[in-house]
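# Examination of the molecular architecture
Below are the chains, spelled out letter by letter.
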Amino acid sequence: MGFLHFLSDPITFLANWLQGLLLGVGIPAGIVQFILFVIGAGALATAAMMFVIFLIWLERKAIARLQDRLGPNRVGPWGIFQTIPDMIKIFTKEFITPTGADIIPYNLAPILAVAGVLMVWSVIPLAISVVGMNLNVGVLYIIAVGSLGELGIIMAGFGSNNKFALLGGFRAVALLVSYEVPMVISLLVPVMLAGSMGMTDIAQAQNVWYIWLTPAAALIFLITSIAENGRAPFDLTEADSEIVAGFNIEYSGLKFGMFYVADFLHSFTIAMVFSVLFLGGWRGPGAEQIPILGFIYLMIKAGLIEFLIIWIRGSLPRFRIDQMMDVNWKVLTPLSLSIVVVTAVLDKLIPVEQTVFRIFAFLVVNLAVLLITGWLIEVFKTRRPRPVVSKTQRPVARPENVAANSNSGD
Amino acid sequence: MTVLQIIFLLAAAITLGSAVMVVSSRRMMHVALWLVLTLFGVAILFALLEIRFFVVVQVLIYIGAIAILIIFAVMLTRHSLEDVGPHFNRGWWIAILACFATFSGLVAVLSSWSKFQTIIRTIPAGGEDILSLGKAFIDPAGYVIPFEVASVLLLAALIGAIFVASERKEGKR
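Residues numbered from 1 in each chain as written. Chains lettered and ligands numbered in written order. Predicted model: local features only at pLDDT ≥ 70, side-chain atom pairs only at ≥ 80, totals over all residues. Heavy atoms only, no water.

## Structural notes on the packing of helix α6 (residues 138-159) of chain A against helix α7 (residues 163-194) of chain A
All names here are of chain A.
- Two elements in contact, α6 and α7, have axes separated by 9 Å at closest approach and are oriented at 175°. Relative to α7, the element α6 lies roughly antiparallel. The segment α6 lies against α7, with Val 139, Ile 143, Ser 147, Glu 150, Ile 153, Ile 154, Gly 157 and Phe 158 engaging Ala 165, Leu 166, Ala 172, Val 173, Leu 176, Val 177, Glu 180, Val 184, Leu 187 and Val 191.
- Here the contact of α6 with α7 is built from residues that sort into 14 nonpolar, two polar and two charged. (Axes fitted to C-alpha atoms, helices over the stretch in contact; angles between N-to-C directions. Helix = DSSP H or I, 4+ residues; strand = E, 2+ residues; numbered from the N terminus. Parallel < 35°, antiparallel > 145°, perpendicular 65-115°, else oblique. Contact = heavy atoms within 4.5 Å. Nonpolar A, V, L, I, M, F, W, Y, C, P; charged D, E, K, R; others polar.)

## Notes on the packing of aromatic side chains
All names here are of chain A.
- The full count for this structure, using the stated rule, is 17 aromatic pairs over all chains.
- A ring pair is formed by Tyr 106 and Tyr 251, whose centres lie 4.4 Å apart and whose planes are at 10°; its orientation type is stacked. Taken together, the positions of Tyr 106 in helix α5 (residues 103-118) and Tyr 251 in the loop between α11 (240-243) and α12 (253-278) put the pair 145 residues apart, joining distant regions of the chain. This pair shows no difference in class: Tyr 106 is buried, exactly as Tyr 251 is.
- Taken together through their ring pairs, the aromatic side chains of Phe 51, Phe 54, Trp 57, Trp 121 and Phe 268 make up a single cluster.
- The side chain of Lys 255 reaches across the aromatic face of Phe 95, ending 5.0 Å from its centre.
- One cation-aromatic arrangement involves Arg 383 over Phe 380; the distance from NZ or CZ to the ring centre is 5.3 Å. (Phe/Tyr/Trp six-rings, centres within 6.5 Å; stacked < 30°, edge-to-face > 60°. Buried < 20%, exposed > 50% of the residue type's maximum accessible area, 1.4 Å probe, protein only. Lys NZ or Arg CZ within 6 Å of the ring centre and 35° of its normal.)

## Structural notes on the side chain of Thr214(A)
- Secondary-structure assignment places Thr214(A) in the loop between α9 (210-213) and α10 (215-229).
- What Thr214(A) contacts, discounting residues up to four positions off in sequence, is Val189(A), Leu193(A), Phe278(A), Thr343(A), Phe362(A) and Asn366(A).

## Comments concerning the confidence of the model for chain B
- For chain B, the mean per-residue pLDDT works out to 82, and 89% of the residues sit at or above 70.
- Per the prediction output, this complex has pTM 0.83; the corresponding ipTM is 0.76. (pLDDT = per-residue confidence, 0-100.)

## With respect to unusual backbone geometry
- Phi at Asp68(A) takes a positive value of approximately 60°, unusual for a residue other than glycine.
- Within the fold, Asp68(A) resides in the loop between α3 (29-66) and α4 (83-91).

## A closer look at the interface of chain B and chain A
- Between chain B and chain A, the residue contacts involve 25 residues of the former and 25 residues of the latter.
- Buried area between chain B and chain A, both sides added, is near 2100 Å², and the carbon and sulfur share of it is 82%.
- Inspection of the chain B/chain A interface yields zero salt bridges.
- The interface formed by chain B and chain A holds zero residue pairs in polar contact (both at pLDDT 80 or more) in total.
- Mapped by element, the contributors of at least two residues to the side of chain B that touches chain A are α2 (28-48) and α3 (52-77) of chain B.
- Its residues assigned to classes, the side of chain B that touches chain A shows 18 nonpolar, four polar and three charged. (Buried area = accessible area lost by both parts, 1.4 Å probe. Salt bridge = Lys/Arg side-chain N within 4 Å of Asp/Glu carboxyl O. Polar contact = N/O pair within 3.5 Å; in protein donor to acceptor, adjacent residues only side chain to side chain.)

See below:
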């Protein structure tokens, strides 16, 4: 019976066992609580970092398949262990500090970048019984912690004493500061629906997944969080063809590895936050009785969203900086504001008891708002068309072009 | 001395020390980064009072928005990002005197205030009540007028910023 109980809820079981053990030795309750918090934080952070090893393989393989390549395929089945030799290689590399670098910001930046992502994990409810800290302002906390990552990027861009790094830092700050606006506004919608800012309460309130109630807010949140992560199509912070690698250009060895880890971990963290806010988090059949099922549901949902993010990365070209600003200030911000107003009105008009009618009304109104936005975009596009930057047909590496060139050349 | 008091002293030392560095550093960028540390120290003080909402808002607004915008402005405007020349002018002792007078005046006024000795209330385990804070902001009997005045002020600042930015563009054409 004890073993079954362990299987159904391992984390709580271990925590209770350890607490009993420490209290039995005679350590005061306050210090036992402290020790448990330290162990929990260490275990969660380590597990998240270990999970990145798998995530990096997943992303490389998925992107490769999307681009019709094989991807990693040498180490282990389907190259699944490819990241481990890469990791060992990066451990052995030399740390190079550029001349004129500002030592403290330069070295603090990678740490802040990873810490900013890892700190989000402390408020994500992994199962009904497992949550690092049930903060009553969890949603605000996620945004606040995200700004630490921004700070890390600024410090990297400034501290490297490199013009490309500084340019990348500029772009990153412009991107992050602007996309925070629609993100915060769109996060108001689940907060209003659940009547709480705590992540656990929001997950618990979702008898109906919020993505059915507010698909528009979910879409805005997904777009803005991809932008916050700075990955394609918003990867102009590290556009290789324009500013080489952006803010992390001067980093080598494990310090670069930290940025790399932060990037990949951030995308999965977004997926988890999205699942908790809009896909019900750990909720699913039987998750309340057997907490580990809730963890599995959360991982499946987050995995699907992560795949969607990779898919977007693999299929869309990069935004120019003016396009990026246009999307944010002319489309996403007004859209999110109108969604908030619409949600507030509907939430008061339709009582919670009329579940089916409520879902239907919310869904229809949200889709209507999205359609109106799309129509307005089309109207403004015809009224003021985008300036075409290059008019002449540039040579492209197509088979017929190559053939034509070789014929004329020889 | 309890653990909390030690943490309080450390946080206060960090806050004050980095505040001194804000006014004494030479590189503008360092000034901005020290300012971030100062604001963090204030966030720790809020955390010691167990007001989670204020901790998060302090980090979100002061570090996430204001400090980052300051850094952005510093990066864009200063050519060399470095300040040369003397830090003090002849009037430095007047400034110290004025600061000391203001500080002692504030302490004297506050210590004679009846609520100065209020014992801190413990906050329930679920965290503080944000709902009543929000309701107080829009309650006619509460703080609705200051709240609205502040929002009008912010709106005016926003319009002003747009006006300044767009006027320059018109002049170019």
